[in-house]
Amino acid sequence: MNIRTTVEADLGTILALIEQKSVNTVTTERYREYVAAGYYKHDWTWVAEENGAIRALAIWWGVPDEQHPYSIDGLYYDGAGDPVPVWTELLKHAVASRPDGQEPPEYHFFLDSDWEDNPDVVAALEPRSQAAAAVGMTSVTDRLRYEWKPAYGLPPRSTRLRFEPAGDEAFVDVFMRVSQGSLDAATAREIARLGVEQAAREELAMYKSMPGDRDLWRVAYDGDELVGFAMPSANAGGPVVGYLGVVPEHRGRGLSDDLLAEITHLLAETGAEQIRADTDFGNVPMANSFERLGYRKFAVRRVLSFPDN
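A few points on the structure. From a predicted model like this one, the values you see are computed outputs, not experimental measurements.

## Quick look at the overall build of the protein chain
The secondary structure content of the protein chain amounts to nine helices and 12 strands. Relative to its length of 309 residues, the protein chain is compact, with a C-alpha radius of gyration of 20 Å against a globular reference of 19 Å. With respect to the principal axes defined by its C-alpha atoms, the protein chain has extents near 70 × 40 × 35 Å. Looking at the protein chain as a whole, 50% of its 309 residues are labelled buried. About 14,200 Å² of surface is accessible on the protein chain, with carbon and sulfur atoms providing 48% of the total.

## Some words on the nonpolar core
Of all hydrophobic cores here, the largest spans 57 residues; its most connected members are Trp60, Met137, Val241 and Tyr295. Residues contacting tyrosine 295, with those up to four places away along its chain left out, are Tyr146, Glu147, Trp148, Val241, Leu260, Thr264, Ile275 and Phe290. Counting 18 residues, the second largest nonpolar core, distinct from the first, contains Val178, Ala200, Val240 and Tyr243.

## Description of helix α7 (residues 196–209)
Taking 1.5 Å per residue as the helical rise, α7 with its 14 residues ought to reach 20 Å, and the 20 Å between its terminal C-alpha atoms agrees with that figure. Every buried residue of α7 is listed here: Ala199, Ala200, Glu203, Leu204 and Tyr207. For α7, the arc enclosing every buried residue in end-on projection is 135 degrees, short of the 170-degree limit, so these residues lie on one face. Where α7 is buried, its residues meet α5 (168–178), α6 (185–194), β9 (225–235) and β10 (238–246).

## Digging into unusual backbone geometry
Positive phi values are uncommon outside glycine, yet asparagine 51 reaches one of about 55 degrees. Structurally, the position occupied by asparagine 51 is in the loop between β2 (45–50) and β3 (53–61). Looking at asparagine 51, the relative accessible area reads 81%, which means it is exposed.

## Focus on helix α4 (residues 119–134)
Think of an α-helix as turning once every 3.6 residues; residues three or four places apart then point the same way. The terminal C-alpha atoms of α4 lie 23 Å apart, and with 16 residues this matches the ideal 22 Å at 1.5 Å per residue to within 8%. Contacts made by the buried residues of α4 are with β4 (71–77), α3 (84–96), β5 (106–112) and β12 (296–305). A side-chain oxygen of the first residue of α4 lies 3.0 Å from the backbone nitrogen of aspartate 120; this N-cap is asparagine 118. Looking one or two residues past α4, glycine 136 carries a phi angle of roughly 110 degrees, positive in sign.

## Quick notes on the environment of arginine 157
Looking at where arginine 157 falls in the secondary structure, it is placed in the loop between β6 (139–148) and β7 (162–164). Taking the relative accessible area as the measure of exposure, arginine 157 reaches 33% and is therefore partly exposed. Placed 26 residues apart in sequence, arginine 157 and leucine 183 show a C-alpha to C-alpha distance of 25 Å. Apart from the residues lying within four places of it in its own chain, the contact partners of arginine 157 are Ala261, Glu262, His265, Leu266 and Glu269. In terms of polar contacts, arginine 157 uses its side chain to reach the side chain of glutamate 269, at 2.9 Å.

## Structural notes on empty space enclosed by the protein
With the rule as written, the count across this model stands at one cavity of 30 Å³ or more. The calculated volume of the largest cavity comes to roughly 40 Å³. Lining the largest cavity are Phe171, Phe175, Ala200, Glu203, Leu204, Phe229 and Met231. Mapped onto the lining of the largest cavity, the elements with two or more residues apiece are α5, α7 and β9. It is α7 that provides the largest number of residues to the lining of the largest cavity, a total of three residues. For the lining of the largest cavity, the per-class residue count stands at six nonpolar, no polar and one charged.

The rules behind each value
Residues numbered from 1 in each chain as written. Predicted model: local features only at pLDDT ≥ 70, side-chain atom pairs only at ≥ 80, totals over all residues. Heavy atoms only, no water. Helix = DSSP H or I, 4+ residues; strand = E, 2+ residues; numbered from the N terminus. Rg over C-alpha atoms; globule rule 2.2 N^0.38 Å. Buried < 20%, exposed > 50% of the residue type's maximum accessible area, 1.4 Å probe, protein only. Areas by Shrake-Rupley, 256 points an atom, 1.4 Å probe, with all protein chains shown as cover. Core = buried A, V, L, I, M, F, W, Y, C linked by side-chain atoms within 4.5 Å. Contact = heavy atoms within 4.5 Å. Expected span 1.5 Å × (residues − 1). Arc of directions from axis to C-beta. Polar contact = N/O pair within 3.5 Å; in protein donor to acceptor, adjacent residues only side chain to side chain. 1 Å grid on protein atoms, 1.4 Å probe; cavity = no way out; pocket = protein on both sides within 12 Å on 5 of 7 lines; lining within 4 Å. Points joined across faces, edges and corners; volume = space filled by probe spheres on them. Nonpolar A, V, L, I, M, F, W, Y, C, P; charged D, E, K, R; others polar.

Without other data, these values stay purely geometric and don't point to any function.
Rendered as structure tokens:
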């Protein structure tokens, strides 16, 4: 079995394998669009060949300006027998190609809310999860996916908070404060890996690299006292809530509703026809905030990651 990255001549085989959608998020339309935009690259896409024929494929997603991808968008197999050992080898090669100190990759599954009741989805998820676990992605986080549309109605805008633009260093400072006791698993992992200040700076850099408008970011005040921040953004799929947080000393006052309402209004004012957001299954306060403000749950994102990364 020969493991390599893809070349342009592999396109026909790649598109044929993508038709085996299963729990993979890639479609032929998405693949062509993301290759053109730089979210997928041949250097980030790995295949396993047997006797000159491609038998397995791993498609990774990343930010166009970065040198290494961030997450797996799909694993495909066109061979005989158990796909897990082949997928494991594909993932080992991709992970090993990353330099020391690079943010560890993840595997994201986008699933229907009732996926656990669908035997076909469960059966497709299991071998892929086994391959990811074999290379060390043993941490599992389920994230609830919400969306807002204009037809749902705009939530009331806050009357108790004042929102102001701020420079990058102000956002680094408030992110560091907000991250204390955060219920967001990804934030906790990044702090464990980098420390609180560097995690804040990397989070800020990541959001600045996204297509969202940096000018929409706001810090929030109650009178003269800083209480939190709101960072509306966008990804390749369109507008997203981005990130919001309340400093520890002001939690318990329902201020996440005020921050989420501000984000929703700011994005709606840009003409957003849909706003999406994720929150960890265990982050009950944030999930409740989405529900109160009229966001509707439509799916689940399962994230497989390296523990303590």
